[in-house]
Amino acid sequence: MSDTSSNTMWGGRFAAGPDAIMEAINASIGFDQRMAAQDIAGSRAHAAMLAATGIVENSDAEAMREGLLTILSEIEAGTFQFSTALEDIHMNVEARLKDLIGEPAGRLHTGRSRNDQVATDFKLWVRDQFDAAEAGLVVLIKALLGQAEAGAEWVMPGFTHLQTAQPVTWGHHMMAYVEMFGRDLSRVRDARARMNESPLGAAALAGTSFPIDRDMTAEALGFDRPSANSLDAVSDRDFALEFLSCASISAMHLSRFAEELVIWSSAQFRFVALSDRFSTGSSIMPQKKNPDAAELIRAKVGRIFGANTALMMVMKGLPLTYSKDMQEDKEQVFDAADSWMLALAAMEGMVRDMTANRDSLAAAAGSGFSTATDLADWLVRVLGLPFREAHHITGALVAKAESKGCDLPNLALDEMKVAYAGITQDVFTVLGVENSVHSRTSYGGTAPVQVRAQIARWKEILT
């Protein structure tokens, strides 16, 4: 088949024929240039080690290190010319280094391969993202603690099945998300510690015959130790998968909270008012104030979950060690990291700025027979009834109140005695929502004293 007919089949984008197609599918510089700073840091550490071990002359190593700093400055200034023909960030940097310092640039790759180089760069980049996620989670947790502290005694409805269940406090609800994001923080720290081994020096897959010092480069790059198996070092992407797993779980938590903020800020609930900074108006309906930031956080989950699944699929069938498939490991991680960091920042801003409507929360807390469980508990605790009997009596009283169009505290004592003669005036001490939340003093309960204890615990954890 001629090049002309081939070009027609492939389309005008690949006018140069098969070579252009191969270049397009093989090149990664369009996205892996994001790792430029990490690539240069790894190369500077490697150059210093080559000189310290006598593998290259000190003068050559110094020229490499200075040239690499010049390249970093060019990249940061936006003047660096990236070339698709040079495939990736590693070859782009090396080619520019040769332009700057000449023959010594060719010695930089001694004792390493692009396989261990890219694994090192990617690990350094992901490690930076773990650090950014940790910082984002900490400030989000602190914003939630501020909301919890302000509303430790504010009553609101607790829900199951999105139906009113029992009264809780605003502070208790905020602290539930503190626990969720606290687990995210723990996962981030745990995964970051586990990934912190240096692949540099594993070379292509078998190590190298040069007398390199892997401990030196590991320490210079902030790793705890060198990786212990060269085959695993160049083919491992668990660190990226753990990052995506952490991001996915955290994004799910963010989405759950975003969903509540969408519901709570509606005219039907009016539990919270989101600030103008995190809301938008309607192009046609002047009364609208849309919780767009919360909705977009909710949508980001799809991208993050998708990235996690995509990288799992890339890695699932690869024999040891490196395969070109692994070039497809970065774009998903880059996109998921961007989405996660943005969602964390947006949620922190919404939480910090939002205002809870205490009156609406309190009004809703008393609706839907939310103190029915308190009544059943009182029948057990004070009158000594079996819980199943107490449950039946309470159900009958709920039905009575519902038929009258009132709530349980509005029933007369005589009406209650019809359901069970032993009920006394004391029952009304447990039927108010304030009494209900203050009575839930078990560890982790909604009582304000317990909420404040958990706030204090978390403040100590974060110090």
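Bear in mind the structure is a predicted one, so any value in this text is a computation, not a measurement.

(A) Just the overall build of the chain, in detail. When helices and strands are counted, the chain shows 19 helices and 6 strands. Counting only C-alpha atoms, the chain reaches 100 × 55 × 40 Å along its principal axes. Split into buried and exposed, the 463 residues of the chain put 49% on the buried side. Long-range contacts, defined here as pairs at least 24 residues apart, represent 73% of the contacts in the chain between residues at least 6 apart. Split by element, the accessible area of the chain, about 21,500 Å² in all, is 53% carbon and sulfur.

(B) Expanded view of the packing of aromatic side chains. Scanning the model with the defined rule gives 12 aromatic pairs in all. For the ring pair Phe80 and Phe82, a centre distance of 4.8 Å and an interplane angle of 55° mean the geometry is tilted. Aromatic side chains Tyr177 and Phe257 sit 4.1 Å apart centroid to centroid with 20° between the ring planes, which places their arrangement in the stacked category. In this pair, Tyr177 is assigned in helix α8 (residues 170-195) and Phe257 in helix α11 (residues 238-264), connecting sequence segments 80 residues apart. Chaining the aromatic ring pairs together yields one cluster made of Phe159, Trp170, Trp264, Phe269 and Phe271. One cation-aromatic arrangement involves Arg127 over Phe223; the distance from NZ or CZ to the ring centre is 4.8 Å. Above the face of the Phe122 ring, Lys330 is positioned so that its terminal group lies 5.3 Å from the ring centre.

(C) Up close: the pairing of strand β1 (residues 155-160). Where β1 meets strand β2 (residues 163-169), 5 bridges bridge the pair, whose relative direction is antiparallel. Across the sheet, Thr160 pairs through a bridge with Gln163, a residue of β2.

(D) Inspection of the side chain of Asn308 at higher detail. Tracing the chain through its elements places Asn308 in helix α12 (residues 292-315). With a relative accessible area of 16%, Asn308 lands in the buried category. Residues contacting Asn308, with those up to four places away along its chain left out, are Leu241, Leu244, Ser245 and Ser248.

(E) Spotlight on the packing of helix α4 (residues 36-52) against helix α7 (residues 114-150). Between α4 and α7, the least distance of the axes is 9 Å, while the angle of their chain directions is 125°. Our classification of the angle between α4 and α7 gives oblique. Every pair of crossing elements has a handedness; the one defined by α4 and α7 is right-handed. For the pair formed by α4 and α7, the contact residues are Gln38, Asp39 and Ser43 on the first element and Gln117, Asp121, Leu124, Trp125 and Asp128 on the second. For the contact of α4 with α7, the residue count by class is 2 nonpolar, 3 polar and 3 charged.

(F) Inspection of α7 at higher detail. Taking 1.5 Å as the rise per residue, α7 with 37 residues should run 54 Å; its terminal C-alpha atoms sit 54 Å apart, in good agreement. Of all 37 residues in α7, 26 are buried, a share of seventy percent or more. With a side-chain oxygen lying 3.0 Å from the backbone nitrogen of Asn115, the N-terminal cap of α7 falls on Ser113.

(G) Unusual backbone geometry, seen in detail. The residue after Leu320, namely Thr321, is reached through a cis peptide bond having omega 5°. Inspection of the secondary structure assignment puts Thr321 in the loop between α12 and α13 (330-353). With phi around 55°, Arg270 is a residue other than glycine that occupies positive phi space. Following the sequence through the fold, Arg270 ends up in the loop between α11 and β5 (272-273).

(H) Summary view of a nonpolar patch on the surface. A cluster of nonpolar residues, Leu205, Leu231 and Leu320, forms a patch on the protein surface that exposes about 270 Å² of accessible area. Along the polypeptide, Leu231 turns up in helix α10 (residues 230-235). What makes Leu231 partly exposed here is its relative accessible area of 34%.

(I) Fine view of the nonpolar core. Core analysis: the biggest nonpolar cluster contains 80 residues, and Trp170, Phe257, Trp264, Trp340 and Met347 have the highest contact counts within it. Contributions of two or more residues to this core are made by α7, α8, α11, α12, α13, α14 (358-365) and α19 (448-462). A per-element tally of this core places α11 first, with 15 residues. With near-sequence residues (within four places) excluded, Met347 lies in contact with Leu140, Leu254, Phe257, Ala258, Leu261 and Ile297. Of all hydrophobic cores here, the second largest spans 21 residues; its members include Leu397, Leu408, Leu413 and Ile423.

(J) Layout of the environment of Leu413. Relative to the helices and strands, Leu413 is located in helix α17 (residues 413-419). In contact with Leu413, other than residues within four places in its own chain, are Ile423, Thr424, Gln425 and Phe428.

(K) Structural context of the pattern of salt bridges. Using the criterion set out here, one finds 25 salt bridges in the structure. Measuring nitrogen to oxygen at the nearest pair gives 2.8 Å for the salt bridge that ties Asp353 to Arg277. Highlighted residues: Asp353 in helix α13 and Arg277 in the loop between β5 and α12, separated in sequence by 76 residues. Overlapping salt bridges bring together Arg277, Glu348, Arg352 and Asp353 as one network.

(L) Molecular detail of α14. The complete set of buried residues in α14 reads Ser360, Leu361, Ala364 and Ala365. For α14, the angular spread of the buried residues around the axis is 135°, confining them to a single face. Along α14, the residues that are exposed and aim more than 90 degrees away from the buried face are Asp359 and Ala363. Packed against the buried residues of α14 are β1, β2, α8, β6 (355-356) and α18 (433-439).

Reading the values: the criteria
- Residues numbered from 1 in each chain as written.
- Predicted model: local features only at pLDDT ≥ 70, side-chain atom pairs only at ≥ 80, totals over all residues.
- Heavy atoms only, no water.
- Helix = DSSP H or I, 4+ residues; strand = E, 2+ residues; numbered from the N terminus.
- Buried < 20%, exposed > 50% of the residue type's maximum accessible area, 1.4 Å probe, protein only.
- Contact = heavy atoms within 4.5 Å.
- Areas by Shrake-Rupley, 256 points an atom, 1.4 Å probe, with all protein chains shown as cover.
- Phe/Tyr/Trp six-rings, centres within 6.5 Å; stacked < 30°, edge-to-face > 60°.
- Lys NZ or Arg CZ within 6 Å of the ring centre and 35° of its normal.
- Pairing = 2+ DSSP bridges.
- Axes fitted to C-alpha atoms, helices over the stretch in contact; angles between N-to-C directions.
- Parallel < 35°, antiparallel > 145°, perpendicular 65-115°, else oblique.
- Left-handed = near helix turned anticlockwise from the far one by under 90°.
- Nonpolar A, V, L, I, M, F, W, Y, C, P; charged D, E, K, R; others polar.
- Expected span 1.5 Å × (residues − 1).
- Polar contact = N/O pair within 3.5 Å; in protein donor to acceptor, adjacent residues only side chain to side chain.
- Patch = residues over 30% accessible without salt bridge, like charges linked within 9 Å, V, L, I, M, F, W, Y side chains within 5 Å.
- Salt bridge = Lys/Arg side-chain N within 4 Å of Asp/Glu carboxyl O.
- Core = buried A, V, L, I, M, F, W, Y, C linked by side-chain atoms within 4.5 Å.
- Arc of directions from axis to C-beta.

These figures come from the coordinates and say nothing about function on their own.
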